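Below, each chain spelled out in residue letters.
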Amino acid sequence: MTSPSGLATHLRCEYLVNPMTVDAAAPRLSWEMVSDAPGAAQSAYRVIAADSREALRRHEGNLWDSGQVASNQSMQVHYAGKNLTSCKQVFWKVMIWDEQGRAGRWSKAATFTMGLLDRNDWKGQFIGNYLSNSPACPLLRKEFETRGPVKRALLYATAKGVAHLTVNGRDVSDDLFAPGWTEYKKRFNYRCYDVTAMLRKPGTQCMGGEVANGWFKGRIARQHMGDGYGHRTGLLAQLRIEYA
């Protein structure tokens with residue numbers, strides 16, 4: 001049962017629920033109002049954003065506190081707090097007031113994470129099958145050590161082609177044909193996967209990848225008989241680990 005004065009629900013950032021690759025300097029926040037009162041409408045809102053769940057739980061907006069804003073706007077409210085850097089995770093929630101000026105309860109917490117905002121944030125390079133005439137899909141493997149309990153681990157990946165990724169032998173997602181088609185001569189799309197649960201146990205870990213031609217090197221239309229964007233497929237993957 002909701003509050004008669006209204007409650008903010010369905011919190012979204014850039015139209016997505018808890019996204020992990022936000023690339024807007026001032027992300028747009030949205031929510032919906034629910035109320036048990038007939039004809040209820042939002043008359044004001046307050047957004048707070050924090051750098052941890054604990055701070056948000058204490059109602060501390062150490063990244064941004066909008067204060068009470070007299071507005072019925074609930075779509076595309078621009079974040080206006082401290083500058084957000086690459087990979088920064090933000091926790092936020094909303095309180096709204098109804099048409100009679102009655103404050104509702106705080107919404108449930110939502111989160112968003114900034115993506116890799118600068119090309120220099122990519123520390124690796126493309127690897128793959130450098131036999132340009134080979135039809136084989138290269139199988140790539142990298143072992144590494146985790147030195148302690150992992151708080152959060154995000155895997156960023158893009159490909160010249162399409163890629164299938166694993167961590168410790170487990171698929172990182174059920175994505176197919178990732179990271180999708182793009183105009184490779186202008187840009188590369190990338191995906192971000194939360195692989196924290198796959199790295200819970202400290203010690204030796206293993207990341208694997210398989211790369212196929214996809215739209216980069218494959219036949220995608222009658223006028224493209226292969227090698228439409230390049231002769232060699234490749235994978236660029238970067239794992240960012242935060243320790244507890």
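Residues numbered from 1 in each chain as written. Predicted model: local features only at pLDDT ≥ 70, side-chain atom pairs only at ≥ 80, totals over all residues. Heavy atoms only, no water.

As a further point, take the nonpolar core. One finds Trp31, Val47, Trp92, Val94 and Phe112 to be the most contacted residues of the largest nonpolar core, which totals 21 residues. Broken down by secondary-structure element, the contributors of at least two residues to this core are strand 1 (7-13), strand 2 (28-34), strand 3 (42-50), strand 6 (89-98) and strand 7 (110-113). A per-element tally of this core places strand 6 first, with four residues. Beyond its immediate sequence surroundings of up to four residues, Val47 is in contact with Leu29, Trp31, Trp64, Asp65, Ser66, Trp92, Lys93 and Val94. (Core = buried A, V, L, I, M, F, W, Y, C linked by side-chain atoms within 4.5 Å. Buried < 20%, exposed > 50% of the residue type's maximum accessible area, 1.4 Å probe, protein only. Helix = DSSP H or I, 4+ residues; strand = E, 2+ residues; numbered from the N terminus. Contact = heavy atoms within 4.5 Å.)

Before going further, it helps to spend a moment on the pairing of strand 2. The pairing of strand 1 with strand 2 spans five bridges and is classified as antiparallel. The partner of Thr9 across the bridge, within strand 2, is Glu32. When strand 2 meets strand 5 (residues 77-78), the two strands line up antiparallel, connected through two bridges. Note on strand 5: the bridge partner recorded for Leu29 is Val77. (Pairing = 2+ DSSP bridges.)

Moving on, we come to the sheet that holds strand 12 (residues 191-194). Taking strand neighbours across the sheet as the criterion, the three strands line up as 12-9-14 in an open arrangement whose pairing is antiparallel. Of all strands in the sheet, those bounded by a partner on one side alone are strand 12 and strand 14 (234-243). If you compare each strand with its neighbour and ignore which way they point, the axes differ by 20 degrees on average. Two strands pair when backbone bridges link them, and strand 9 (residues 150-160) and strand 12 are joined in this way by four bridges, in the antiparallel orientation. By the bridge assignment, Ala157 is partnered in strand 12 with Arg191. (Axes fitted to C-alpha atoms, helices over the stretch in contact; angles between N-to-C directions.)

Note on strand geometry: in a regular strand, side chains alternate between the two faces of the sheet. For strand 6, a buried count of ten out of ten residues is recorded, marking the element as mostly surrounded by other parts of the structure. Side chains Gln89, Phe91, Lys93, Met95 and Trp97 project from strand 6 onto one buried face, and the interleaved Val90, Trp92, Val94, Ile96 and Asp98 project onto a second face that is buried too. With eight bridges connecting them, strand 3 and strand 6 associate as antiparallel partners. Bridge pairing links Ile48 to Lys93 in strand 6.

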